[in-house]
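# A look at the structure
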Amino acid sequence: MAKDRVGIIGPGRMGLAMLKHLKKSGFDVTVYDISDEQLSAAVAAGGVGASSPREVGENSDYIIVGVGFEPEVYACLTGDDGALAGIASGSAVAVCSTASVGGVQDLARICGEKGIGFLDAPIARGRWAADEGTLLALVGGTEDVVERSRPVFETFCSDIEHMGEV
């Protein structure tokens, strides 16, 4: 079975570590960041740079959103230049950012309407665990999206706990 093409939007401190583990495991990874410095670091680590979140969507089957907070999540996923405008039906999105319950539910609805799987995926244990590949993911989503996510998340998480549906 072919590996998903992974996109990371927001390859900051945690996302950059995730990228390195994904590359070591043989995944193709497209990256985008509003910071030229962070984007350059992600490209140097093996990611393929994109000029917009939409371009990440166009080149990914599975997107990890690692931006800071809910407004940034909406900004990089929705709108004409958002990742959801470029990603194909049947793909999936995992939000590892800080977002409210209502925001997560709304994003899950928006993705569902487009035929895109959605995973609420807060990450725990911090930057050293990210470097070691021993993060904890507390994921919310349908069983099929959780199972689809495992090959991606197991590259940088030692523990994945399914907390139920969104």
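See above for the structure.
First, a word on scope: everything that follows refers to the structure included in this document.

Each value, and the rule that gives it
Residues numbered from 1 in each chain as written. Predicted model: local features only at pLDDT ≥ 70, side-chain atom pairs only at ≥ 80, totals over all residues. Heavy atoms only, no water. Helix = DSSP H or I, 4+ residues; strand = E, 2+ residues; numbered from the N terminus. Rg over C-alpha atoms; globule rule 2.2 N^0.38 Å. Buried < 20%, exposed > 50% of the residue type's maximum accessible area, 1.4 Å probe, protein only. Areas by Shrake-Rupley, 256 points an atom, 1.4 Å probe, with all protein chains shown as cover. Salt bridge = Lys/Arg side-chain N within 4 Å of Asp/Glu carboxyl O. Pairing = 2+ DSSP bridges. Contact = heavy atoms within 4.5 Å. Axes fitted to C-alpha atoms, helices over the stretch in contact; angles between N-to-C directions. Arc of directions from axis to C-beta.

Our next topic: the overall build of the protein chain. The number of helices and strands found in the protein chain is seven helices and nine strands. Against the compact-globule benchmark of 15 Å for 166 residues, the protein chain has a radius of gyration of 14 Å, which places it among compact chains. When the backbone C-alpha atoms are referred to their principal axes, the protein chain occupies close to 35 × 35 × 35 Å. Taking all 166 residues of the protein chain together, the buried fraction comes to 47%. Carbon and sulfur atoms provide 51% of the accessible area of the protein chain, an area that totals close to 7600 Å².

The subject of this paragraph is the pattern of salt bridges. Counted by the stated rule, this structure contains eight salt bridges. Among the salt bridges present, the one from D106 reaches R109, with a minimum N-O distance of 2.6 Å. In this pair, D106 and R109 are both assigned in helix α5 (residues 101–113), three residues apart and thus about one turn of the helix distant. Judged by relative accessible area, which is 24%, D106 ranks as partly exposed.

Pairing is mixed across the open sheet formed by three strands, whose spatial order is β7-β8-β9. Every other strand in the sheet has two partners, leaving β7 (123–124) and β9 (157–162) as the edge strands with one partner each. Relative to β9, strand β8 (residues 135–139) runs parallel, the two being bridged by five bridges. Counterpart to L135 in the pairing with β9 is C157. Lying on the sheet, helix α7 (residues 143–153) is in contact with β7, β8 and β9; it crosses β9 at an angle near 175°.

Within the chain, R125 stands out as a residue other than glycine whose phi angle is a positive 105°. Mapped onto the elements, R125 comes out in the loop between β7 and α6 (126–132).

Once that is clear, we can look at helix α4 (residues 70–77). Among all positions of α4, only E70, V73, C76 and L77 are buried. The buried residues of α4 occupy an angular sector of 130° when projected down its axis, which confines them to one face. Residues of α4 that are exposed and angled more than 90 degrees away from the buried face: P71 and A75. At the C-terminal side of α4, G79 shows a positive phi close to 85°.

Take the sheet that holds strand β6 (residues 117–120) next. With parallel pairing, six strands are arranged side by side in an open sheet as β3-β2-β1-β4-β5-β6. Since the sheet does not close on itself, it has two edges, and those belong to β3 (48–49) and β6, each with one partner. Where strand β1 (residues 6–9) lies against strand β4 (residues 62–65), four bridges are found, and the strand directions are parallel. By the bridge assignment for β4, I9 is matched with V65. The sheet strands contacting helix α2 (residues 36–44) are β2 (29–32) and β3, and the helix crosses β2 at an angle near 165°. Across the sheet, α7 is in contact with β1, β4, β5 (92–95) and β6; its angle to β6 comes to roughly 65°.

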